[in-house]
Amino acid sequence: QRGPRAHGCLRRQGELLARMMNTIHETGCAGGILFEYMDEWFKGTWSATPLEVPWDRRHLWFDAQSPEQSYGVIANRPSTPIRVDGDPSDWRAPPYLTRTAGGSRDGWGTLREVRVTSDEGYLYVMLRTSGGPEGPDWTNSAFRLAIDTYDPSRGATRLPRPGPASIASGAEFVVDVAGPGASFVTVLAPYEPYAVIDSGPVASPSSATATTTEFVHLMFESNRERIGRDGIRYPAITVDRGALRFGSLDPNASDFDTRSDVSIGAVQGTIELRLPWTLLNVTDPSSRRVLHQETEHDPPFDTTATDGFRIYAFAVDPRRPGRKPLSRLPASDAIAPTYVWGTWEVPRYLTEPKHGVGTIRDALNAIPDRI
């Protein structure tokens, strides 16, 4: 479901398009059209449109959860303030949270600071620890973010294992970073939109009733169950929208992947995350609107303006899931500061060719009788 595609997938995109154009020529068809030239942020598709509200502002931001916006061979990417590659040197703004005293212990289990920024497509978070120069040992170190996306009186104030903890405002989302293949964004069950996409309601519950509410995975049915004419049953296919991919956005890195959500700075003791807005039920970041539908409804979903996000960070020991966090920011009982991003009416973006463009060019030039 994610766009833009990975480095390898970008090349594969060019290979597939080239093969199809060659097939069109070899079979004597009249011609073909390359779909499409450029990524288009204004486009919607059935899998993503319900969470892009209001629809007339969709062109102002990039929905990384929508494949329809990333079909082009020329990419339109958010003009990001940082690159998710594990290197903290491009984080210029002051820390969002920092440890002011204590925490003399070394290692990945000690959080030193949290930084936050955003752009037209993503929320970015960096955790700096006392770790390094080797990467984290995921058997004894894992990390968690609790994100309060709107109305601090709503959401869960008690976080489940591992590292059970209380927070001072209600969180709608938990982000667990526990290594490749074990890192996910989860959401409070009443606030999972695709579970009730056709009816609702979908809203963060009052903190008074959500202290033990379950956080669930963001599952999405990408292919519905079908039965062929011959009676063969084709089962439904579901994907976890919140599964986080490790890699780097540095083109020179061995693990370069434009789909990367998490990057580790082993030497620096840092973890960088990039979270698509719609993964956090932000329906329009350009006007700071989030999903909030308290009753059954007909499309589209209702929304509400948020004053910003409150983010709580934890280091936990997965070997002892019932143990309190190894470290946390902010301190216990303190409410996290509100991260407020600016609204906009004109988006910032960068345009660049994808890696498969050369393959397509060579294939078209090799067709002998093209017009």
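Let me begin by describing the structure that accompanies this report. Keep in mind the model is a prediction, meaning the values are calculated, not measured.

### Observations regarding the overall build of the chain
In terms of regular secondary structure, the chain is built from two helices and 23 strands. Radius of gyration (C-alpha) of the chain: 22 Å, near the 21 Å computed for a compact globule of 371 residues. Its C-alpha atoms put the chain at 75 × 50 × 45 Å along the principal axes. Sorting the 371 residues of the chain into buried and exposed places 52% on the buried side. The contacts in the chain between residues at least 6 apart in sequence include a share of 68% that link residues at least 24 apart. Total accessible area on the chain is roughly 17100 Å²; 52% of this is exposed by carbon and sulfur atoms.

### Examining the pattern of salt bridges
In the structure shown here, the tally under the stated rule is 25 salt bridges. Where salt bridges share partners, they join Glu36, Glu40, Lys43 and Glu68 into one cluster.

### Observations concerning unusual backbone geometry
The omega torsion of the bond from Phe35 to Glu36 falls at 5°, within 30 degrees of zero and hence cis. By the element assignment, Glu36 lies in the loop between helix 1 (7-26) and strand 1 (74-78). Here the bond from Val53 into Pro54 is cis, since omega is 0°, no more than 30 degrees from zero. Summarising the element assignment, Pro54 is placed in the loop between helix 1 and strand 1. Residue Asp151 is not a glycine yet carries a positive backbone phi of 50°. Overall, Asp151 belongs to the partly exposed group, its relative accessible area being 31%.

### What about the sheet that holds strand 17 (residues 282-284)?
Sheets are built from strands paired through backbone hydrogen bonds, the pairs being either parallel or antiparallel. Strand order in the open sheet formed by three strands is 17-18-19, with antiparallel pairing between adjacent strands. This sheet does not close on itself; its edge strands, each paired only once, are strand 17 and strand 19 (303-305). For this sheet, the mean inter-axis angle between neighbouring strands, taken without regard to orientation, is 45°.

### Comments concerning the side chain of Asp261
Inspection of the secondary structure assignment puts Asp261 in the loop between strand 14 (237-240) and strand 15 (262-265). In this structure the side chain of Asp261 is engaged in a polar contact, spanning 2.8 Å, whose partner is the backbone nitrogen of Arg245.

### Here we look at the packing of aromatic side chains
Under the counting rule described, the total for this entry stands at 15 aromatic pairs. Here the aromatic rings of Phe62 and Tyr122 are separated by 6.4 Å at their centres, their planes lie at 55°, and the arrangement is tilted. Remark: Tyr122 occurs in strand 4 (residues 122-130) and Phe62 occurs in the loop between helix 1 and strand 1; sequence separation between them is 60 residues. Residue classification places Tyr122 among the buried residues on the basis of a relative accessible area of 4%. Put simply, the rings of Trp41, Phe62, Tyr122, Tyr124 and Tyr349 pair up and form one aromatic cluster. Lying over the aromatic face of Tyr122, Arg274 brings its terminal NZ or CZ to 4.2 Å of the ring centre.

Rules behind the numbers
- Residues numbered from 1 in each chain as written.
- Predicted model: local features only at pLDDT ≥ 70, side-chain atom pairs only at ≥ 80, totals over all residues.
- Heavy atoms only, no water.
- Helix = DSSP H or I, 4+ residues; strand = E, 2+ residues; numbered from the N terminus.
- Rg over C-alpha atoms; globule rule 2.2 N^0.38 Å.
- Buried < 20%, exposed > 50% of the residue type's maximum accessible area, 1.4 Å probe, protein only.
- Contact = heavy atoms within 4.5 Å.
- Areas by Shrake-Rupley, 256 points an atom, 1.4 Å probe, with all protein chains shown as cover.
- Salt bridge = Lys/Arg side-chain N within 4 Å of Asp/Glu carboxyl O.
- Pairing = 2+ DSSP bridges.
- Axes fitted to C-alpha atoms, helices over the stretch in contact; angles between N-to-C directions.
- Polar contact = N/O pair within 3.5 Å; in protein donor to acceptor, adjacent residues only side chain to side chain.
- Phe/Tyr/Trp six-rings, centres within 6.5 Å; stacked < 30°, edge-to-face > 60°.
- Lys NZ or Arg CZ within 6 Å of the ring centre and 35° of its normal.

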